[in-house]
Amino acid sequence: MKQSLLFLGLSILMGTIALFALYGYDEVSTLHAAPVEAATPETKTPFAEGCEKCHGQEPAYQEWQQAGHFHALVNLIEGPYELQTSCLSCHSAGYEVFDERVYPGHTYNVETAVNAVSCSSCHSHTSRSEHLLVKPAKHLCVTCHKMDCGCAGAGIVHQSQSEMFLGREGAGVKRMPSPHVRAMKKRCVHCHMAKEDPEVVAQHGGHTFVADFSTCSASGCHDSADNDMTVKLPQYRAEIEAKMQAVKAMLDASPNRTSQAYLDAKLNYDMVKGDSGYGLHNMPYANALLDYSLSLKSELLND
Ligand code: HEC
Ligand code: HEC
Ligand code: HEC
Ligand code: HEC
Ligand code: HEC
């Protein structure tokens, strides 16, 4: 009896601490004044972020619910890879907040996790930045969207949008940031969250995070006759795909798969492939990476 009372007391205390962590002091008093009516299993756990109570009807929330980030936790858990708790640092919004030191006894792990890449992955009411972002837009997306997930050994190869966009980490090629890096202060956000009407639930852009090629011309950058992306993109793509086939044939024919030349050529190939299949986020860099791989041909085949 004593023990269960103690446990109840502890749970309430921990729940309160967690709420403060999520909302800050001001909002918690409001939350207590207006408890949610029908608690779903999700909202019963102290780990649930609960932003929908106040933001659920807004376009941002509705867009997010239809898009990829909403499925990040389910896809992680149901995926075919070996799970580590640290996978949650990018696949769930609870990992950072429910640090075991702050929240002992109720560990946030793949069994107890409830949040996907949800609102508090990117926003916090305790932030002083514009839109209450936890990091400036410039740094936000690249903290998760990178090839090196720090989860080596789990079997998954993550995609390479950040490395490609910033033009680095490839073998044998100098740094070559996409021309968009300078032109777009908000970087990924510029294309992936572009939205015409803020009041309407968008089909792409906004909190769907889905980029659309219409952004290229809507911004007034690529709409002249000699700069039409609907013509240029397929040309780039065909050029890169041809080079990829050549590199792949070379890799397949190589007798030694542990030589530095093989590893370098394969790294560059994987980077281009991991970015929409053809290096979409930085075509000049994709070309340079594949050219370098092709330059290793004699080393690769004679080894
Ligand atoms: C906390 C880590 C994290 C942050 C920050 C993050 N993402 Fe993601 N993102 C993910 C994960 C994990 C997935 C995979 C979701 C899934 O399982 O399909 C994903 C998927 C995506 C997808 C594919 C969506 C789809 O519908 O398949 C796009 C596009 C994307 N993110 C863009 C962005 C942009 C733009 C930003 C910055 C505004 C961003 N992400 C910030 C973790 C993150
Ligand atoms: C992956 C990161 C990410 C996630 C997840 C995310 N946001 Fe955002 N949100 C942003 C960024 C970046 C901006 C600023 C966009 C800009 O500068 O154009 C923003 C802007 C906003 C804005 C102000 C502009 C607008 O679109 O109305 C609101 C409100 C908002 N977010 C609410 C939410 C809510 C609610 C959730 C949870 C459903 C959420 N956000 C999830 C990154 C995110
Ligand atoms: C008790 C109600 C309440 C809860 C719960 C709540 N918010 Fe808010 N939030 C507000 C109010 C009120 C504002 C200020 C009015 C506005 O801009 O919509 C606001 C503003 C914001 C903004 C700024 C929007 C902009 O236009 O820049 C973001 C982002 C945001 N909240 C995110 C969150 C996140 C993330 C959570 C969950 C962790 C959350 N909120 C939980 C009430 C709440
Ligand atoms: C540094 C951030 C980060 C870490 C850590 C991380 N991931 Fe991811 N993961 C992402 C992002 C971003 C995506 C979406 C785009 C991509 O594939 O790179 C993703 C996508 C995935 C997908 C594909 C989702 C789909 O579309 O079906 C799976 C599965 C996955 N990750 C599993 C894992 C596993 C297992 C771990 C831990 C061993 C892990 N991830 C750790 C960032 C991360
Ligand atoms: C110049 C505009 C632009 C910028 C900047 C941009 N993207 Fe994209 N991105 C796109 C377009 C367009 C697509 C859709 C590709 C398609 O449909 O084949 C895309 C696709 C994606 C996808 C899903 C497809 C895949 O396999 O790669 C992810 C994830 C993604 N981008 C993340 C990012 C991240 C992270 C950044 C910032 C480092 C970023 N993007 C910067 C335009 C952009």
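Heads up: the structure comes first, above all this text.
Summary of the structure given here. (Residues numbered from 1 in each chain as written. Chains lettered and ligands numbered in written order. Predicted model: local features only at pLDDT ≥ 70, side-chain atom pairs only at ≥ 80, totals over all residues. Heavy atoms only, no water.)

Moving on: the coordination of the iron atom of ligand 1. Within the protein, the atoms that donate to the iron atom of ligand 1 are His69 (NE2) and His145 (NE2), at distances of 2.0 Å. One way to put it: the six donor atoms around the iron atom of ligand 1 meet at angles of 86 to 179°, and that makes the site octahedral. In this pair, His69 sits in the loop between helix 5 (59-65) and helix 6 (72-78) while His145 sits in the loop between helix 10 (137-140) and helix 11 (161-166), placing the two residues 76 residues apart along the sequence. Residue His69 is classed as partly exposed on the basis of its relative accessible area, which comes to 23%. A relative accessible area of 38% places His145 in the partly exposed class. (Donors = N, O, S within 2.8 Å, 3.2 Å for Na, K, Ca; no water. Tetrahedral: all angles 85-135°; square planar, octahedral: opposite > 155°, others 65-115°. Helix = DSSP H or I, 4+ residues; strand = E, 2+ residues; numbered from the N terminus. Buried < 20%, exposed > 50% of the residue type's maximum accessible area, 1.4 Å probe, protein only.)

Here the focus is the site of ligand 2. With respect to spatial proximity, 19 residues lie near ligand 2, and among them Cys119, Cys122, His123, Lys186 and His207 are the closest. Between ligand 2 and the protein, one listed contact pairs an oxygen atom with a side-chain N or O atom of Lys186 at 2.7 Å. Note that a nitrogen atom of ligand 2 is positioned 2.9 Å from one of the side-chain N or O atoms of His207. Broken down by secondary-structure element, the contributors of at least two residues to the shell around ligand 2 are helix 5 and helix 9 (119-122). With three residues, helix 5 is the largest single contributor of residues to the shell around ligand 2. The residue inventory of the shell around ligand 2, partitioned by class, reads eleven nonpolar, six polar and two charged. Both domains that meet at the shell around ligand 2, namely domain 1 (2-134) and domain 2 (161-302), each give it at least three residues. (Near = heavy atom within 4 Å. Polar contact = N/O pair within 3.5 Å; in protein donor to acceptor, adjacent residues only side chain to side chain. Nonpolar A, V, L, I, M, F, W, Y, C, P; charged D, E, K, R; others polar. Domains from an automatic or database assignment.)

With that out of the way, let us pick up the site of ligand 3. In the vicinity of ligand 3 there are eleven residues, among which Cys51, Cys54, His55, His125 and His131 approach most closely. A distance of 2.8 Å is found between a nitrogen atom of ligand 3 and a side-chain nitrogen or oxygen belonging to His55. A breakdown of the residues in the shell around ligand 3 according to their chemical character gives six nonpolar, five polar and no charged.

For the rest of this paragraph, the subject is the state of the cysteines. Two cysteines, two sulfur atoms, one covalent bond between them: this is a disulfide. One pass over the full model with this rule turns up one disulfide. Two residues, Cys149 and Cys151, share a disulfide whose sulfurs are 1.9 Å apart. Classification of the bridge connecting Cys149 and Cys151 rests on its S-S torsion, roughly -90°, and on that basis the disulfide is left-handed. On the basis of relative accessibility, which here comes to 9%, the residue Cys151 falls in the buried class. (Disulfide = S-S within 2.5 Å.)

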